[in-house]
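Survey of secondary and tertiary structure
Read off the chains here:
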Amino acid sequence: MRAKDVLHTWAFTPDPTDDSEVECRECGEWSPLAEWEEGFVDCDTCGDHASMVCPKCGENYDHVWSDDNPLKTREPSQLRVALKELGDAVRANQ
């Protein structure tokens, strides 16, 4: 998926870019937005809704309820900074 495909349908914190990683609330794994696929979930009221499918565990995220619990995103650069800070902290404690 690309950011332009998801920005007006699902809720994110913060808004994603094409390079963003998305956290799955079910398995806790981060995956590039490009690896997430569109799916569908059943609905008793109207038949079905579009969903985003986690590439790691297959969990579906219904767009209808996404405003109440937005998906978390991060840029890969944030991960590199976090890993550097973790490495610095480990070295400081040795």
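You'll find the structure just up there.
Now for a quick tour of the structure. (Residues numbered from 1 in each chain as written. Predicted model: local features only at pLDDT ≥ 70, side-chain atom pairs only at ≥ 80, totals over all residues. Heavy atoms only, no water.)

One finds M1, V6, W10, F12, L33, W36 and M52 to be the most contacted residues of the largest nonpolar core, which totals 14 residues. Once residues within four sequence positions are removed from consideration, V6 is found in contact with M1, F12, P16, L33 and M52. (Core = buried A, V, L, I, M, F, W, Y, C linked by side-chain atoms within 4.5 Å. Buried < 20%, exposed > 50% of the residue type's maximum accessible area, 1.4 Å probe, protein only. Contact = heavy atoms within 4.5 Å.)

On to the environment of L7. The topology assignment puts L7 in the loop between α1 (3–6) and β1 (12–13). Taking the relative accessible area as the measure of exposure, L7 reaches 33% and is therefore partly exposed. Note: C-alpha distance between L7 and P70 (63 residues apart in sequence) is 11 Å. If near-sequence neighbours (up to four positions away) are discounted, L7 is found in contact with D15 and P16. (Helix = DSSP H or I, 4+ residues; strand = E, 2+ residues; numbered from the N terminus.)

A separate point is the side chain of E21. Among the structural elements, E21 can be located in strand β2 (residues 21–23). Of the polar contacts made by the side chain of E21, one reaches the side chain of R74; its length is 2.8 Å. If we skip the residues at most four places from it in the chain, E21 touches W30, S31, P32, L33, K72, T73, R74, P76 and L79. (Polar contact = N/O pair within 3.5 Å; in protein donor to acceptor, adjacent residues only side chain to side chain.)

Each neighbour pair has its own omega, and for T13 with P14 the value is -15°, a cis peptide bond. Relative to the helices and strands, P14 resides in the loop between β1 and β2.

This part is about the sheet that holds strand β3 (residues 30–32). Sheet strands pair via backbone hydrogen bonds, and the direction of the pair is either parallel or antiparallel. Reading across the sheet, the 4 strands line up as β1-β7-β2-β3 and stay open at both edges, with mixed pairing between neighbours. At either end of the open sheet lies a strand with only one pairing partner, and these are β1 and β3. Pairing geometry for β2 and strand β7 (residues 71–74), over 2 bridges, is antiparallel. The residue bridging V22 from the neighbouring strand is T73, located in β7. This element, helix α2 (residues 76–92), spans β2 and β7 of the sheet and lies at about 75° to β7. (Pairing = 2+ DSSP bridges. Axes fitted to C-alpha atoms, helices over the stretch in contact; angles between N-to-C directions.)

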